[in-house]
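# Understanding the architecture of this molecule
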Amino acid sequence: MKKKFFTILILATLLATPVAGLAIDTLETYDVVDTLENIVNWIFTIVMIVAVIYLMFGGVAYITSEGDATKLEKAKKQILFALFGTGIVLLANGLKKLIEDMMA
């Protein structure tokens, strides 16, 4: 039974190999610039998601501070830092787009 299974597996692999080889030719090829741009876009998306989550945590901390001055100040700083971080990331992405437009 095992011998028959492995024989079928090997035959299926050998039959699928030419199809996989043809598929490689039809894929788009990317150069280094496109790859780096994709990486930067992924990082931008992840950082924006983290910034929004950090901002939400700051908002929840502000609401639940219950009038305690130290908790209130900590929550305000967290919201402020989240907004600064978001602004810096947006400016960096805008600068990247500006440079891309100037280079094109």
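Residues numbered from 1 in each chain as written. Predicted model: local features only at pLDDT ≥ 70, side-chain atom pairs only at ≥ 80, totals over all residues. Heavy atoms only, no water.

## Overview of the overall build of the protein
Put simply, the rule is: Per the convention used, a helix needs a DSSP run of H or I reaching at least four residues, while a strand needs a run of E reaching at least two, with both numbered from the N terminus. The buried label applies to any residue whose accessible area, calculated with a 1.4 Å probe on protein chains only, is under 20% of its type's maximum; exposed applies above 50%, and partly exposed to all values in between. Any two residues whose heavy atoms approach within 4.5 Å at even a single point are treated as in contact. Exposure was quantified through the Shrake-Rupley algorithm and a 1.4 Å probe, taking into account, for residues, occlusion by the shown protein chains and nothing else.
Of regular secondary structure, the protein possesses three helices and zero strands. Along the protein, helices and strands appear, N-terminal first, in the series α-α-α. Across the 104 residues in the protein, those meeting the buried criterion constitute 11%. Within the protein, contacts between residues at least 6 apart in sequence are counted, and of these 59% link residues at least 24 apart. Only carbon and sulfur atoms are counted for the fraction: they give 76% of the accessible area of the protein, which is about 9000 Å².

## A short note on the pattern of salt bridges
Put simply, the rule reads: By definition, a salt bridge exists where a carboxyl oxygen of Asp or Glu is found within 4 Å of a side-chain nitrogen of Lys or Arg.
Counted by the stated rule, this structure contains one salt bridge. The shortest N-O distance in the salt bridge between E100 and K96 comes to 3.5 Å. Here E100 and its partner K96 are both found in helix 3 (residues 69-103), four residues apart, which amounts to about one turn of the helix. Looking at E100, the relative accessible area reads 30%, which means it is partly exposed.

## Points about the side chain of K96
Inclusion rule: We call two N or O atoms a polar contact when they sit within 3.5 Å, provided that within protein one can donate a hydrogen and the other can accept it, with sequence-adjacent residues counted only if both atoms are side-chain atoms.
What makes K96 buried here is its relative accessible area of 18%. A distance of 3.3 Å separates a polar atom in the side chain of K96 from a polar atom in the side chain of N41. Other than its neighbours up to four places away in sequence, K96 contacts E37, V40 and N41.

## Description of the packing of helix 2 (residues 32-63) against helix 3
Helix-helix packing: each pair is described by the crossing angle between the helix axes and the interaxial distance. This is how the line gets drawn: The axes are straight lines fitted to the C-alpha atoms, using for helices just the contacting stretch, and the angles between their N-to-C directions are given from 0 to 180°. Here roughly perpendicular refers to angles of 65 to 115 degrees, roughly parallel to angles under 35, roughly antiparallel to angles over 145, and oblique to all remaining angles. Crossing chirality is assigned from the near helix's rotation relative to the far helix, an anticlockwise turn below a right angle marking it left-handed and a clockwise turn marking it right-handed.
Contact geometry of helix 2 with helix 3 gives a least axis separation of 8 Å together with a crossing angle of 160°. Taken as axis vectors, helix 2 and helix 3 run roughly antiparallel relative to one another. Relative to helix 3, the crossing made by helix 2 is left-handed.

## Quick look at a nonpolar patch on the surface
The following threshold applies: Exposure above 30% relative accessible area and no salt bridge define the residues that can form patches, which grow by joining like charges within 9 Å and nonpolar side chains of Val, Leu, Ile, Met, Phe, Trp and Tyr within 5 Å.
Taken together, the side chains of V32, L36, I39, I43 and V47 define a hydrophobic patch exposed on the protein surface, amounting to about 440 Å² of accessible area. Within the element layout of this structure, L36 appears in helix 2.

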